[in-house]
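Breakdown of the fold
Chain residues, written in single-letter form:
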Amino acid sequence: MRLSTTKPTFIKYTFTKTFKALTPSGLPDIDYALNPYVGCAHGCTYCYARAYVRDAEVAREWGSVVKIRVNLIDVLIKDVGRLKPGVVGLATITDPYQPIEASQHLSRESLKILLRAGFKVDLQTKSPLVLRDIDILKRWRDRVEVGLTITTLRDEVAAIIEPGAPPPSERAKALRELSASGITTWLFLGPVIPGVNDDYGSVKNVAKLAADTGSLLIHDPLRLKPQILKTLSQALRTLGLNPNNVINKARSKAWLQSVRDVVEKACTDTGAECVPAF
Ligand code: SF4
């Protein structure tokens, strides 16, 4: 059966200005957050980043509206001159290699500025576009880590839950290439969603990729922010699942424990090192 996707047919791009490029991060092991874009064209149906975006239009139309921080590089140059070097998360609430980066190069320029100034960069993406910048990542490999998010290796399922993102098969190839280049890599298995990607077979395939590439596997269960319920429910229905059943299960302690058990078993069986996200 061919499943229809919820991929947005039109993305509205506009420019915006920012006063700060580097902001304090609340994430473990990350000192600063850097988000070159406001919004994310990958439009993942489970994405709760929209709950942290101040721009009402971007939050409301998540996945269909992206604002480009047109003065980001000028502001970043000033920020790196006044701030103590630390670890920068690129990016924390958007994907730094979403499609518009191919023409705007804000993530590429940011990498160069940060690394030349002595900062470390921990970047996370769902896109093989990151390979465009492998020259920089290799040159500064002692101060960069690259994470690829792979919720499932089934492209047809990812097309439903992550309609604007590149297929996981392409992400897996990118992870292999980065790892083979000597770059420290990690793999984010999240969110794990009941009935979608919580079965042992699905998790084991992802864990095997982590083991093959020497990537730390970081796993995270579905986080049910109110803002995601509409888009996630639509995707679940497309997959033939009952959204209420999935959501109730995701809230149960028994399921949370079972996911942790499944991931840990898959990691033990494949030889992958794994840790929970938080
Ligand atoms: S790639 Fe990340 S930031 Fe972008 S929509 Fe998906 S989960 Fe959200």
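The structure under discussion appears in the preceding block.
Let me begin by describing the structure that accompanies this report. Sequence order as written defines residue numbering, which begins from 1 separately in each chain. The predicted nature of this model means local features are confined to residues of pLDDT at least 70 and side-chain atom pairs, given and counted, to a pLDDT of 80 or more, with totals for whole chains, interfaces and linings taken over all residues. Hydrogens and water molecules were not included; the side-chain quantities draw on all heavy atoms of the structure.

**Some remarks on the overall build of the chain**
Note on conventions: DSSP H or I runs of at least 4 residues are helices, E runs of at least 2 residues are strands, and numbering of each starts at the N terminus. A tally of helices and strands in the chain yields 11 helices and 11 strands. Counting only C-alpha atoms and orienting by the principal axes, one finds that the chain spans roughly 50 × 40 × 35 Å. Here's how the labels work: a residue is buried when its accessible area is under 20% of the maximum for its type, exposed when over 50%, partly exposed in between, all with a 1.4 Å probe on protein chains only. Counting all 278 residues of the chain, 51% fall into the buried class. For the chain, the proportion of contacts with a sequence separation of at least 24, taken over those separated by at least 6, is 78%. For the charge count, each Lys or Arg is scored as positive and each Asp or Glu as negative, with His and the chain ends excluded. Taken as the charge centre is NZ of Lys, CZ of Arg, CG of Asp or CD of Glu, depending on the residue. The centroid of the 38 positive side-chain charges in the chain is displaced by 4 Å from the centroid of its 28 negative side-chain charges. Here a residue-residue contact requires only that any non-hydrogen atoms of the pair lie within 4.5 Å.

**Some details on the sheet that holds strand β11 (residues 274-276)**
Pairing within the open sheet is mixed, and its 8 strands lie in the order β2-β3-β6-β7-β8-β9-β10-β11. Every other strand in the sheet has two partners, leaving β2 (23-24) and β11 as the edge strands with one partner each. Here, any two strands with at least 2 DSSP bridges between them count as paired. Note: β2 against strand β3 (residues 32-34), 2 bridges, orientation antiparallel. Across the sheet, Pro24 pairs through a bridge with Tyr32, a residue of β3.

**Re the packing of helix α2 (residues 72-82) against helix α4 (residues 106-116)**
Between two packed helices, what matters for the description is the angle formed by their axes and the separation of those axes. Their axes nearest at 10 Å, the elements α2 and α4 cross at an angle of 15 degrees. Regarding the angle of α2 to α4, the classification is roughly parallel. You can see that α2 and α4 cross each other, and the crossing is right-handed. Contacts between α2 and α4 pair Leu72, Ile73, Leu76, Ile77 and Val80 from the former with Leu106, Glu109, Ser110, Ile113 and Leu114 from the latter. Residues were grouped as follows: Ala, Val, Leu, Ile, Met, Phe, Trp, Tyr, Cys and Pro as nonpolar; Asp, Glu, Lys and Arg as charged; and all remaining residues, including Gly, as polar. In the contact of α2 with α4, the residues fall into 8 nonpolar, 1 polar and 1 charged. Axis geometry follows a simple rule: fit a line to the C-alpha atoms, using only the stretch in contact for helices, then measure angles between N-to-C directions, giving values from 0 to 180 degrees. Should an angle lie under 35 degrees it is considered roughly parallel, over 145 roughly antiparallel, and from 65 to 115 roughly perpendicular; all remaining angles are considered oblique. Handedness of a crossing follows from how the near helix is turned relative to the far one, being left-handed for an anticlockwise turn of less than a right angle and right-handed for a clockwise one.

**Considerations on the pattern of salt bridges**
Counted as salt bridges are all cases of a side-chain nitrogen of Lys or Arg within 4 Å of a carboxyl oxygen of Asp or Glu. Across all of its chains, the model carries 16 salt bridges by this definition. Between Glu61 and Arg60 there is a salt bridge, with the nearest N and O atoms lying 3.4 Å from each other. A residue is classified by how much of its surface remains accessible, and Glu61, at 34% relative accessible area, is partly exposed. Given the relative accessible area of 60%, Arg60 is considered exposed. Close ionic contact of Arg108 with Asp135 constitutes a salt bridge, the shortest N to O distance being 2.8 Å. Here Arg108, found in helix α4, pairs with Asp135, found in helix α5 (residues 134-139); they are 27 residues apart in sequence, far enough to count as distant. Each of Glu101, Arg108, Arg132, Asp133 and Asp135 takes part in a single network of salt bridges with overlapping partners.

**With respect to the nonpolar core**
One broad trend across soluble globular proteins is that nonpolar side chains are buried collectively. Leu22, Leu34, Leu111, Leu114, Leu123 and Leu137 are the most contacted members of the largest nonpolar core, which has 76 residues in total. Apart from the residues within four sequence positions on either side, Leu22 is in contact with Tyr32, Ala33, Leu34, Leu76, Asp79, Val80, Leu83, Val88, Leu114 and Phe119. In this description, a nonpolar core means a group of buried Ala, Val, Leu, Ile, Met, Phe, Trp, Tyr and Cys residues linked to one another through side-chain atoms lying within 4.5 Å.

**Describing the side chain of Thr149**
Secondary-structure assignment places Thr149 in strand β8 (residues 144-149). According to the relative accessible area criterion, Thr149 is buried, its value standing at 5%. Each residue touching Thr149, except ones within four places of it in the same chain, is listed here: Gln124, Thr125, Lys126, Arg171, Phe188 and Gly190.

**A look at the pairing of strand β9 (residues 184-192)**
Successive residues of a regular strand alternate their side chains across the two faces of the sheet. In terms of residue burial, β9 counts as a mostly covered element, since 8 of its 9 residues are buried. Where β9 and strand β10 (residues 216-221) come together, 5 bridges link them in parallel fashion. Its bridge partner lying in β10, Val192 is registered against Pro221. Clockwise travel from the first strand over the helix to the second, with the strands pointing away from the viewer, marks a crossover as right-handed. Following the chain from β9 across helix α8 (residues 200-213) to the adjacent parallel β10, one finds a crossover that is right-handed.

**Some words on the packing of α8 against helix α11 (residues 253-270)**
Contact geometry for α8 and α11: axes closest at 8 Å, N-to-C directions at 45 degrees. Considered as vectors, α8 and α11 are oriented oblique to each other. Every pair of crossing elements has a handedness; the one defined by α8 and α11 is right-handed. Side by side, α8 and α11 meet where Tyr200, Val203, Lys204, Ala207, Lys208 and Ala211 of the first sit next to Val262, Val263, Lys265, Ala266, Cys267, Asp269 and Thr270 of the second.

**Some details on the environment of Ala266**
Take Ala266: it is sitting in helix α11. A sequence separation of 237 residues divides Ala266 from Asp29, and the C-alpha atoms of the two residues are 26 Å apart.

**A short note on the packing of aromatic side chains**
Only rings of Phe, Tyr and Trp enter the pairing, Trp through its six-membered ring, and a pair is recorded when the two centres are within 6.5 Å. The plane angle decides the type: under 30 degrees is stacked, over 60 is edge-to-face, the rest tilted. Under the counting rule described, the total for this entry stands at 2 aromatic pairs. For the ring pair Tyr32 and Phe119, a centre distance of 5.9 Å and an interplane angle of 55 degrees mean the geometry is tilted. Separated by 87 residues along the polypeptide, Tyr32 in strand β3 and Phe119 in the loop between α4 and β7 (120-125) bring together distant segments of the chain. Accessibility classification places Tyr32 together with Phe119 in one group, the buried group. Relative to Tyr52, the ring of Tyr48 has its centre 6.3 Å away and its plane inclined at 70 degrees; by these criteria the two rings are edge-to-face.

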